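Fold and geometry: a report
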Amino acid sequence: MTVNVQATREVIEMITGGWRAQALYTAVKLGLADHIEAGRTTGAELAESTGASEEGIHRLMRLLVATGVFAGNGSTGYRNTDVSAALLDGPGSLRDMCLLYGEEFYVAWQHAHHAISTVSSGFEVAYGQPFYDYLGHHADTARRFHHTLNAASMFFHQVPEVFDFSGKMVVDVGGGGGELLASILGATPDARGTLLDREHMMPKAGEHLAATVGLDRVELVGGDMFTDVPKGGDVYILCRVLAAWDDEAVVTVFENCRRAMADSSARLLLLDRFVEDQNPTVLPSLWDLHLLMTTGGGHRSRERITALLDRAGLDVERKADLPMETVALVAAARAPAQP
Ligand SMILES: Nc1ncnc2c1ncn2[C@@H]1O[C@H](CSCC[C@H]([NH3+])C(=O)O)[C@@H](O)[C@H]1O
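Treat the numbers as computed from the prediction; the structure is a model and nothing was measured.

The next thing to look at is the site of the ligand. Taken together, the neighbourhood of the ligand is formed by 16 residues, with Gly174, Asp197, Asp224, Cys239 and Arg240 sitting nearest. Between the ligand and Cys239 there is a distance of 2.7 Å, counted from a nitrogen atom to a backbone nitrogen or oxygen. A distance of 2.8 Å separates an oxygen atom of the ligand from a polar atom in the side chain of Arg240. Here the ligand has 570 Å² of accessible area as a free molecule, and 97% of this is covered by the chains. Its residues assigned to classes, the shell around the ligand shows seven nonpolar, five polar and four charged.

Next up, the structure:
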């Protein structure tokens, strides 16, 4: 058998991917980008300020310089690059994402064989409970998860460009920390909003909305979208909510939204990523498997979501593309058939 050097190289690039991720995670855990930003740039200074061994820092930084995360060297000093700058502590940082992916999500992926073979959550095997329940009991992880979602929320400010919220009563179902609702109400002074999420999210969402748009136009509802959603909305938003649930559960949420709509002018606005079966691209396909590892769910194709909407009596009216491979789908309740 002749060795295909190119193929060998490609396999090695892939199987060392997990090591790269863990090296980046360790740099974040040690706060290396922040130390360098604060002027502690040499190997000795980084060792002293992190408590890690200088040799360990040297070997880690050698890899991270080679992969373009940092620049410079340990004797004259390391420098941050645009990549490591994205890891600096502060709003919009990818720091918490690295920590979460390097800890709980890394452990969840160790059960990939089981998760893929049985189409069930690797996280549940590792932690003995569903992901969202775990978040309810682990405030630090819940905070990291919401920072992670926020880091991938660059499309929020563009949502009012693809849907006119003026004068509307907006219900954000599974609204999380309130960032999307704040962005919509901030851009639409005459809109009002209700955020529905699990009880444990209420303080976080309340704090964010109070600090951004104030609570005058806002109602917070701690509850369960599978049981009921607030009535009388002009637009029901489901942003990055559906992937965690199976088809039956998704149809239940769609039906709850349809029944709660104020009138026939009300709409359902889905904001999500969709996978393509015909010409698959890497990132959505990766996120799909990642959702399987964490929640046992996954991304659907647009055709599949359209079929589930149809089952719930909703028709897709139009579609708009948003950044971060996110798509907006607007659906309306189907008019009852004329007798
Ligand atoms: N049964 C439920 N009822 C209401 N919200 C839920 C339920 N289960 C999970 N969630 C919430 O669904 C959200 C999914 S994460 C998406 C959050 C937000 N829409 C955003 O795009 O940033 C989390 O905030 C969960 O707490």
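Another aspect to go through is the side chain of Asp234. Mapped onto the elements of the fold, Asp234 is located in the loop between strand S5 (218-222) and strand S6 (235-239). Of the side chains with opposite charge, Arg192 lies nearest to the buried Asp234, which makes no salt bridge, at 5.4 Å. At a separation of 2.7 Å, a polar atom in the side chain of Asp234 contacts the main-chain amide nitrogen of Met169. In this view, Asp234 contacts Gly167, Lys168, Met169, Ala262, Ser265, Ala266 and Arg267; residues no more than four positions away in its chain are not counted.

On to the environment of Leu242, then. Positionally, Leu242 belongs in the loop between S6 and helix H16 (247-260). With 94 residues separating them along the chain, Leu242 and Thr148 place their C-alpha atoms 17 Å apart. Among all residues touching Leu242, those that are not within four sequence positions of it are Val250, Phe254, Leu270, Asp272, Arg300 and Ile305.

Moving on to the packing of H16 against helix H18 (residues 302-311). Axis separation between H16 and H18 bottoms out at 9 Å; the angle between their running directions is 55 degrees. The orientation of H16 relative to H18 falls into the category oblique. In the crossing of H16 with H18, the sense of the turn from one axis to the other is right-handed. Residue-level inspection shows Asp247, Glu248, Val250, Val251, Phe254 and Glu255 of H16 in contact with H18, the latter providing Arg304, Ile305, Leu308, Leu309 and Arg311. Looking at side-chain class alone, the contact of H16 with H18 contains six nonpolar, no polar and five charged residues.

The UniProt entry lists residues 109-314 under the feature "domain: O-methyltransferase C-terminal" (unreviewed entry), expressed in the numbering used here. A distance of 36 Å separates the end C-alpha atoms of residues 109-314, which is 47% helix and 14% strand.

Moving on to the nonpolar core. The tendency in soluble globular proteins is for nonpolar side chains to be buried as a group. Of all hydrophobic cores here, the largest spans 29 residues; its most connected members are Val173, Tyr236, Leu238, Phe254, Leu268 and Leu270. Other than its neighbours up to four places away in sequence, Tyr236 contacts Val171, Val173, Val229, Pro230, Lys231, Cys257, Ala260, Met261, Arg267, Leu268 and Leu269.

Another aspect to go through is the confidence of the model for the protein chain. Averaged over all residues, the pLDDT of the protein chain is 95; the fraction at 70 or higher stands at 99%. Per the prediction output, this complex has pTM 0.81; the corresponding ipTM is 0.99.

Spatial ordering of the open sheet is given by S5-S4-S3-S6-S7-S9-S8, a layout of seven strands whose pairing is mixed. The sheet is open, and its two borders are formed by S5 and strand S8 (314-322), each paired with just one other strand. Between one strand axis and the next, the sheet turns through 20 degrees on average, direction left out of account. The pairing of S8 with strand S9 (residues 326-333) spans eight bridges and is classified as antiparallel. When the bridges of S9 are listed, Leu314 appears paired with Ala333. Of the strands in this sheet, strand S4 (192-197) and S5 are in contact with helix H15 (residues 202-212), which crosses S5 at around 170 degrees. Contacts from H16 reach strand S3 (169-173), S6, strand S7 (267-272), S8 and S9, with the element oriented near 160 degrees to S6.

Per the UniProt record, "domain: O-methyltransferase dimerisation" (unreviewed entry) is annotated on residues 13-88. Taken end to end, residues 13-88 is 62% helix and 11% strand, and its two terminal C-alpha atoms sit 27 Å from one another.

A few words now on H15. For an α-helix, 3.6 residues make a turn, and residues three or four places apart therefore share a direction. Buried within H15 are the following residues: Met202, Ala205, Gly206 and Leu209. Along the axis of H15, the buried positions cluster into a sector of 100 degrees, meaning they face one direction only. With respect to the buried face of H15, the exposed residues turned more than 90 degrees away are Pro203, Glu207 and Ala211. Gly214, located one to two residues past H15, shows a positive phi value of around 80 degrees.

Rules behind the numbers
Residues numbered from 1 in each chain as written. Predicted model: local features only at pLDDT ≥ 70, side-chain atom pairs only at ≥ 80, totals over all residues. Heavy atoms only, no water. Near = heavy atom within 4 Å. Polar contact = N/O pair within 3.5 Å; in protein donor to acceptor, adjacent residues only side chain to side chain. Areas by Shrake-Rupley, 256 points an atom, 1.4 Å probe, with all protein chains shown as cover. Nonpolar A, V, L, I, M, F, W, Y, C, P; charged D, E, K, R; others polar. Helix = DSSP H or I, 4+ residues; strand = E, 2+ residues; numbered from the N terminus. Buried < 20%, exposed > 50% of the residue type's maximum accessible area, 1.4 Å probe, protein only. Lys, Arg positive; Asp, Glu negative; His and termini not counted. Salt bridge = Lys/Arg side-chain N within 4 Å of Asp/Glu carboxyl O. Contact = heavy atoms within 4.5 Å. Axes fitted to C-alpha atoms, helices over the stretch in contact; angles between N-to-C directions. Parallel < 35°, antiparallel > 145°, perpendicular 65-115°, else oblique. Left-handed = near helix turned anticlockwise from the far one by under 90°. UniProt positions renumbered as here; feature names shortened; annotations may be inferred. Core = buried A, V, L, I, M, F, W, Y, C linked by side-chain atoms within 4.5 Å. pLDDT = per-residue confidence, 0-100. Pairing = 2+ DSSP bridges. Arc of directions from axis to C-beta.

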